[in-house]
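Reading the structure
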Amino acid sequence: MSRISPRLLTIGCGAVYLFMYAPLLVLMVFSLTPTEYGVAWEGFTLKWYRAVFANKNIQDALKVSLIVAIPTVLISTAIGTITAFTLYRYKFLGRALYQGALYIPLVMPDLVIGISLLLFYSSIKLDLGILTILLAHISFSIPLTTLVIIARMQRIDRTLEDAAMDLGADEWTTMWKVTLPLLMPGIVAAALLTFPWSFNDFVITFFVSGVGSSTLPLRVYSMIRLGVSPMVNALGTLIVVVPLIIVIIGAYFDRRSVS
Amino acid sequence: MNRKSSVELRRVTKRFGDVLAVDDLSLTILEGEFFSLLGPSGCGKTTTLRLIGGLEHPDDGDILINGEVVNDQPPYERNSNIVFQNYALFPHLTVEDNIAFGLRLKSRRVPEPEVKKLVEEALQLVHLEGLGARRPNQLSGGQQQRVALARALILRPKVLLLDEPLGALDRKLRKAMQIELRRIQHEVNITFIYVTHDQDEAMSMSDRVAVMRNGNFEQIGTPQEIFQTPRTRFVADFMGASNILSGRVIAASGDGAQRASPQTVQIETESGLEIVGRGGQDMSSGAAVEFSVRPESIQVYSRDWDWTADNKFDGRIVGKLYLGDVTELEVALSENIAITSRIQSRIDQEFGFKEGDRVSIGWNADDCNLLSD
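Predicted model only: the values in this text are computed from it and were never measured.

Conventions we followed
Residues numbered from 1 in each chain as written. Chains lettered and ligands numbered in written order. Predicted model: local features only at pLDDT ≥ 70, side-chain atom pairs only at ≥ 80, totals over all residues. Helix = DSSP H or I, 4+ residues; strand = E, 2+ residues; numbered from the N terminus. Buried ≥ 20, exposed ≤ 12 C-beta atoms within 10 Å, placed from the backbone. Contact = placed C-beta atoms within 7 Å. Pairing = 2+ DSSP bridges. Axes fitted to C-alpha atoms, helices over the stretch in contact; angles between N-to-C directions. Domains from an automatic or database assignment. Nonpolar A, V, L, I, M, F, W, Y, C, P; charged D, E, K, R; others polar. Parallel < 35°, antiparallel > 145°, perpendicular 65-115°, else oblique. Left-handed = near helix turned anticlockwise from the far one by under 90°. Core = buried A, V, L, I, M, F, W, Y, C linked by C-beta atoms within 7 Å.

**Looking at the overall build of chain B**
On a plain count of helices and strands, chain B comes out with 9 helices and 20 strands. With respect to the three principal axes, the spread of C-alpha positions in chain B is 75 × 45 × 45 Å. The proportion of buried residues among the 373 residues of chain B is 40%. Contacts in chain B between residues far apart in sequence, at least 24 positions, make up 64% of those at least 6 positions apart.

**Some remarks on the overall build of chain A**
The secondary structure content of chain A amounts to 12 helices and 0 strands. Reported as C-alpha extents along the three principal axes, the dimensions of chain A are approximately 70 × 70 × 35 Å. The buried share of chain A, reckoned over its 259 residues, is 33%. In chain A, the proportion of contacts linking residues at least 24 apart, taken out of those at least 6 apart, comes to 78%.

**Notes on helix 1 (residues 45-53) of chain B**
Residues and elements named next belong to chain B. Judged by how many residues are buried, helix 1 sits mostly within the fold: 9 of 9 residues are covered. Lys45, Thr46, Thr47, Thr48, Leu49, Arg50, Leu51, Ile52 and Gly53 are the residues of helix 1 that are buried. Phi turns positive, to about 95 degrees, at Gly54, one or two residues after helix 1.

**Overview of unusual backbone geometry**
Residues and elements named next belong to chain B. Here His127, not a glycine, exhibits a phi torsion of approximately 60 degrees, which is positive. By the element assignment, His127 lies in the loop between helix 3 (112-125) and helix 4 (141-153). Here His127 falls in the exposed class, since 11 other C-beta atoms lie within 10 Å of it.

**Things to note about the sheet that holds strand 16 (residues 311-322) of chain B**
Residue and element names in this part refer to chain B. The strand order 15-19-16-17-18 describes an open sheet built from 5 strands, whose pairing is antiparallel. Edge positions in the sheet fall to strand 15 (299-302) and strand 18 (337-344), since each of these pairs with one other strand and no more. Geometrically, the sheet is characterised by an average inter-axis angle of 45 degrees between neighbouring strands, direction not taken into account. Pairing between strand 15 and strand 19 (residues 358-363): 4 bridges, direction antiparallel.

**Considerations on the domain arrangement of chain B**
Quite often, the size of an interface is put as the accessible area lost when its parts meet. Residue and element names in this part refer to chain B. By domain assignment, chain B separates into domain 1 (5-237) and domain 2 (243-370). Taking only C-alpha atoms into account, the centre of domain 1 sits 39 Å from that of domain 2. Across the boundary between the two partners, domain 1 contributes 4 residues, which contact 4 residues of domain 2. Grouping the amino acids of the side of domain 1 that touches domain 2 by side-chain chemistry returns 2 nonpolar, 1 polar and 1 charged.

**Here we look at the sheet that holds strand 8 (residues 191-196) of chain B**
All names here are of chain B. Within the open sheet, the 6 strands sit side by side as 6-7-8-3-9-10. Their pairing is mixed. Edge positions in the open sheet fall to strand 6 (80-83) and strand 10 (216-221), since each of these has one partner strand only. Across this sheet, the average inter-strand angle for adjacent strands is 20 degrees, counted without regard to direction. Relative to strand 8, strand 7 (residues 159-163) runs parallel, the two being bridged by 5 bridges.

**Side note on the packing of helix 7 (residues 130-153) of chain A against helix 9 (residues 171-199) of chain A**
When two helices pack together, you describe them by how their axes are tilted relative to each other and by the distance separating the axes. Residue and element names in this part refer to chain A. Interhelical geometry of helix 7 versus helix 9 gives an angle of 150 degrees and a closest axis separation of 9 Å. Viewed along their axes, helix 7 and helix 9 adopt a mutual orientation that is roughly antiparallel. The two elements helix 7 and helix 9 cross, and the hand of that crossing is right-handed. Along its contact with helix 7, which presents His137, Ser141, Leu144, Thr145, Val148, Ile149, Ala151, Arg152 and Met153, the element helix 9 presents Leu183, Pro185, Gly186, Ile187, Ala189, Ala190, Leu193, Thr194, Trp197 and Ser198.

**Points about the pairing of strand 17 (residues 326-334) of chain B**
Residue and element names in this part refer to chain B. By the bridge criterion, 6 bridges tie strand 16 to strand 17 in an arrangement that is antiparallel. Looking across to strand 17, one finds that Gly319 is bridged to Glu330. Hairpin connection from strand 16 to strand 17: 3 residues lie between these consecutive antiparallel strands, with Gly324 at a positive phi of about 100 degrees. Strand direction decides the pairing type here: strand 17 and strand 18, joined by 8 bridges, are antiparallel. Each bridged residue has a counterpart across the sheet, and for Val326 the counterpart in strand 18 is Gln344.

**A few points about the nonpolar core**
Counting residues in each nonpolar core, the largest one holds 132 residues, and the members touching the most others are Ala148, Ala150, Leu160 and Ile193 of chain B. No other element matches helix 9 of chain A, which puts 13 residues into this core. Here this core spans two domains, and each of domain 1 (5-237) and domain 2 (243-370) of chain B adds at least three residues to it. Beyond its immediate sequence surroundings of up to four residues, Ala150 of chain B is in contact with Ile99, Ala122, Leu123, Leu125, Val126 and Leu128 of chain B. Core analysis: the second largest hydrophobic core is formed by 6 residues, Trp48, Val52, Val232 and Ala234 of chain A among them.

**Here we look at the environment of Leu8 of chain A**
Tracing the chain through its elements places Leu8 of chain A in helix 1 (residues 6-30). Separated by 163 residues in sequence, Leu8 of chain A and Glu171 of chain A have C-alpha atoms that sit 56 Å apart.

**Notes on the pairing of strand 3 (residues 34-38) of chain B**
Regular strands place side chains that alternate from one sheet face to the opposite one. All names here are of chain B. Counting buried positions along strand 3 yields 5 of 5 residues, so the element is predominantly enclosed. On strand 3, burial covers both faces: Phe34, Ser36 and Leu38 on one face and Phe35 and Leu37 on the other are all buried. Examined bridge by bridge, strand 3 and strand 8 share 5 bridges and lie parallel to one another. Bridge pairing links Leu37 to Val195 in strand 8. The pairing of strand 3 with strand 9 (residues 208-213) spans 4 bridges and is classified as parallel. Each bridged residue has a counterpart across the sheet, and for Ser36 the counterpart in strand 9 is Val209.

**Side note on the environment of Arg50 of chain A**
Positionally, Arg50 of chain A belongs in helix 2 (residues 47-54). In this structure Arg50 of chain A comes out as exposed when scored by C-beta crowding, with 12 C-beta atoms within 10 Å.

Written out as structure tokens, the structure is:
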């Protein structure tokens, strides 16, 4: 008999998910127990979470992360929309090259991007700080937003724009009343995917941040260097759970845009 | 009646790269006319429609709407509206907002109460009362089609351009919509230009039909003219007159003397058949001619039946196709000549024709249609 039993599939699938999520579960579990060192369950507590929320350094780092992430989302989504529009709608010399070049930052090692940005900023004598982090995040987010929006654009029926123009709408009105509303699920999805993309970045940010401009991941890293505190577990859990919620919302919008 | 021209094409040419989609077309469509562009896919009919609507611009020639050259006008400045093949309804808007789309544009400045009233009237015109709040994807194909129609008609264009609007509907609904379209056209009295590849559709609705092929007009005329007297082999074939006989004139009435019109001629086909035909003028012995004969003009009887026809031959049934009310018989007259006949299924059943039967077939000289080009 060559039939694959559904039970076998279920077990295999479960094993894969366990492999992926067990480490995370361990982290979450130990964020809820008072054990200072070692790995043993000694009862439930929220004290590490309280410690996280009381920690001024973490608050400052979170502030920096948000100051970077929110403008990154807004600016890279706007630029991504315009880039997608140009690449998809207009035929010009080197269009394929431009479109292909979008994939390079996505596959290039973060280390290389980080080093090259650092070199670039010091060569134009730009002081490292929040501004350099922001510029770096925008630049590595644009390929993501552009590709997500192009994917949505490919699903829009071009005759809808013909129809709008035929009914009396000029190019601008057609864009506002037809193209952009139809593109909106893709734009929202791009924005919601960019947020964790920026918020979670460590390697590139590490290179382009200066004194006093640590983002949350950088802060966590420096905390670990001084010894693993269960507070890091609690913070780690928060960092995983909050963006996860955002990604789920993003996926929901993207799915809705298909139907 | 001396009607004004609504749409006029003057030597219009459109190329897409190396492809000549529309080749030097000239045409005048009258106000209030129901005009069809009929042809197989790729013949340039949709391109012609898009040229009139302004979604394409001609490489050469002029397009006039109401006597005004509109070559350089974008679609949103033209007094024409299109009903698209896939309806192109805006999925993010309700039926009502779809229909009101054109009226609500700033350039038109229609006050909102007026918009509401006109939308209500448009919904009534296409029998969609009460469905205004739905989304397009909650409607059936036929209903979507009506929304597309209402959305275009509400702007009271001088010309309505319809691009195979019934193509996606099932047969029964298509028939009902044909009648409906004709009714609406009478009611609104707007010029309709209708693109289709379905000759029945073109026949049943149009005042005039242009048969297109390779970006050219093969023939323009009333449905009756196109159907009964196709001028070219292509039109004859497209209209289902599948019997085409070509040969040389061996005798013509009034040969050498005064000629009657239409002429009666005797021709010998390439396959050696002698046929009497009627049509045309100025033919003399030796001229090459082509005739088409519609299958329903060809009668088939059993050999022992007593009857006469101008052209009568013995043959053998080599194929039979039951089509419901009619039955198509393929009758071989010799090795290399077969004639298609379409007879009432009732008659077929009376005779009990079957493949291999020896029969006599025939048609009259008047049923021969001379192909002039």
